[in-house]
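Residues per chain are reported as follows:
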Amino acid sequence: MRAMILEAPHQPLRLADVPVPQPHPEQVLIRVHACAVCRTDLHIVDGELTHPKLPLIPGHQIVGTIEAIGDRVVQFTIGQRVGVPWLGHTCDRCRYCLNGRENLCDFAEFTGYNIDGGYAEYTVADSRFCFPLDPSFPDLQAAPLLCGGLIGYRAYRMTGDAEKIGFYGFGSAAHILIQLARYQQRQVYAFTRAGDIAGQEFARQLGATWAGSSEELPPEPLDAAIIFAPIGKLVPTALRAVAKGGTVICAGIHMSEIPAFPYDILWEERVLRSVANLTRQDGEEFLALAPQVPIHTEINTFNLTQANEALTALRSGKITGSAVLVVDENSNKENTGMI
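Residues numbered from 1 in each chain as written. Predicted model: local features only at pLDDT ≥ 70, side-chain atom pairs only at ≥ 80, totals over all residues. Heavy atoms only, no water.

(A) Spatial organisation of the overall build of the protein. Scanning the protein for helices and strands turns up 10 helices and 17 strands. Compactness check: the protein gives a C-alpha radius of gyration of 19 Å against a globular reference of 20 Å for 339 residues, within 12% of the reference. Each principal axis of the C-alpha distribution contributes one length, and for the protein these read about 55 × 45 × 40 Å. Put simply, the protein has 339 residues, and 56% of those count as buried. Long-range pairs, those at least 24 residues apart, make up 71% of the contacts in the protein with a sequence separation of at least 6. The average position of the 27 basic charges and that of the 37 acidic charges among the side chains of the protein differ by 3 Å. (Helix = DSSP H or I, 4+ residues; strand = E, 2+ residues; numbered from the N terminus. Rg over C-alpha atoms; globule rule 2.2 N^0.38 Å. Buried < 20%, exposed > 50% of the residue type's maximum accessible area, 1.4 Å probe, protein only. Contact = heavy atoms within 4.5 Å. Lys, Arg positive; Asp, Glu negative; His and termini not counted. Charge placed at Lys NZ, Arg CZ, Asp CG, Glu CD.)

Written out as structure tokens, the structure reads:
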């Protein structure tokens, strides 16, 4: 099979012919139709996440069909379409797994980081961490839901019953979650990098109450803010934007250094917290909600062999919505959606 392989950080991915993997007893073999490109992939390629399996096939927003199943797989059948997310395996024994926090498992493994991922024509995945996908979502539009959607949803849930929510960084996750927020009749205030007029207009088109630069304060205090951009200096910025008792959630797996800030912007019971990974419950809840909204993903498509170009476009801020690698060209032709 063809695969795009990372051999060392700070190097471009290399196209290679490698053997098709074989599933273990609890795994399924998946023919990959599409794999969305995530900022976490950039953090791995750029060496900001420092312990990847090498060589590595990246990619953790995988959509495909099952071509073979292991002896212990009972919940899926050959030919079924599934999605594969970032969380790829947990121990089911540590204190975090036993109390419903498998996202913090001491021995967790992650797709496209510790486990080869979806920048390839085939992949294997632990069947217990795969999700069946609603048929209303074509392959290319489903792929961004599997990280931007799922981990974004975990961050969004932490806003509680906030009515006015700020989104700092308006990329893949934010453009998905604003649709859920509007469905739930909440107001979203979108913050982009200075001068990103197109990004601000995109946010308004999706229903943002206000859109502007992250260097600005919103026109009124926020009840909560989610920081999707991996920029540490946005933490004090967001704290200044939330009202008393408000929550600021850092949604990324990596963030640049957070500068010192005065205690008074945290005082009055403001809360600062992070989000780590996702649980299977997050996935089940969000994938049940998505067709009710319904959520539409704005995608920018690249061929599998253009993975490096997709990563470069994401790094430079040239992606509106989500970037998706088309691995199976026939799948691309059969699907329709918002492209």
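(B) Quick look at helix H6 (residues 197–205). Looking at H6, one finds that the buried residues are Gly199, Gln200, Phe202 and Ala203. All buried residues of H6 fall inside an arc of 155° around its axis, so they share one side. Those residues of H6 that are exposed and angled more than 90 degrees off the buried face are Ile197, Ala198 and Gln205. Looking at the buried side of H6, the elements it contacts are helix H5 (172–183), strand E11 (187–192) and strand E12 (210–213). Count one or two residues on from H6 and you reach Gly207, which has phi positive near 105°. (Arc of directions from axis to C-beta.)

(C) Region of interest: the pattern of salt bridges. Here the structure, examined in full by the defined rule, presents 16 salt bridges. Asp282 is the salt-bridge partner of Arg154, the closest N and O atoms lying 2.8 Å from each other. You can see Arg154 sitting in helix H4 (residues 150–157) and its partner Asp282 sitting in helix H8 (residues 280–289), a full 128 residues away along the chain. Take Arg154: its relative accessible area is 13%, and that puts it in the buried class. A relative accessible area of 0% places Asp282 in the buried class. Across the pair Arg204 and Glu201 runs a salt bridge whose closest N-O atoms are separated by 3.4 Å. (Salt bridge = Lys/Arg side-chain N within 4 Å of Asp/Glu carboxyl O.)

(D) Fine view of a negative patch on the surface. Together, Asp161, Glu163, Glu220 and Asp223 make up a region of like negative charge exposed at the surface. Position of Asp223 among the secondary structure elements: in strand E13 (residues 222–227). (Patch = residues over 30% accessible without salt bridge, like charges linked within 9 Å, V, L, I, M, F, W, Y side chains within 5 Å. Areas by Shrake-Rupley, 256 points an atom, 1.4 Å probe, with all protein chains shown as cover.)

(E) Main features of the environment of Gln11. Within the secondary structure, Gln11 is located in the loop between strand E1 (2–5) and strand E2 (14–17). Of the residues examined, Gln11 reaches a relative accessible area of 39% and is grouped as partly exposed. When neighbours within four sequence positions are excluded, Gln11 is seen to be in contact with Leu6 and Val45.

(F) Structural view of the side chain of Ser214. Relative to the helices and strands, Ser214 is located in the loop between E12 and E13. Those residues in contact with Ser214 that sit more than four places away from it in its chain are Tyr168, Phe191, Thr192, Leu234 and Thr237.

(G) Molecular detail of the packing of aromatic side chains. Inspection of the entire model under this criterion finds seven aromatic pairs. Ring centres of Trp86 and Phe110 lie 4.9 Å apart, and the angle between their planes is 15°; this geometry places the pair in the stacked category. Of this pair, Trp86 sits in the loop between strand E5 (81–84) and strand E6 (87–89) while Phe110 sits in strand E7 (residues 109–110), placing them 24 residues apart in sequence. We note that Trp86, like Phe110, is buried. Considering the side-chain rings of Tyr153 and Phe286, the 5.6 Å spacing of their centres and the 40° angle between planes classify their relative orientation as tilted. Residue Tyr153 is found in helix H4, and its partner Phe286 is found in helix H8; the two are separated by 133 residues along the sequence. Tyr153 sits in the buried class, given a relative accessible area of 7%. Residue Phe286 is classed as buried on the basis of its relative accessible area, which comes to 0%. In this structure an aromatic cluster arises from ring pairing among Trp86, Phe110 and Tyr113. Over the aromatic face of Phe129 sits the side chain of Arg280, whose NZ or CZ is 4.0 Å from the ring centroid. (Phe/Tyr/Trp six-rings, centres within 6.5 Å; stacked < 30°, edge-to-face > 60°. Lys NZ or Arg CZ within 6 Å of the ring centre and 35° of its normal.)

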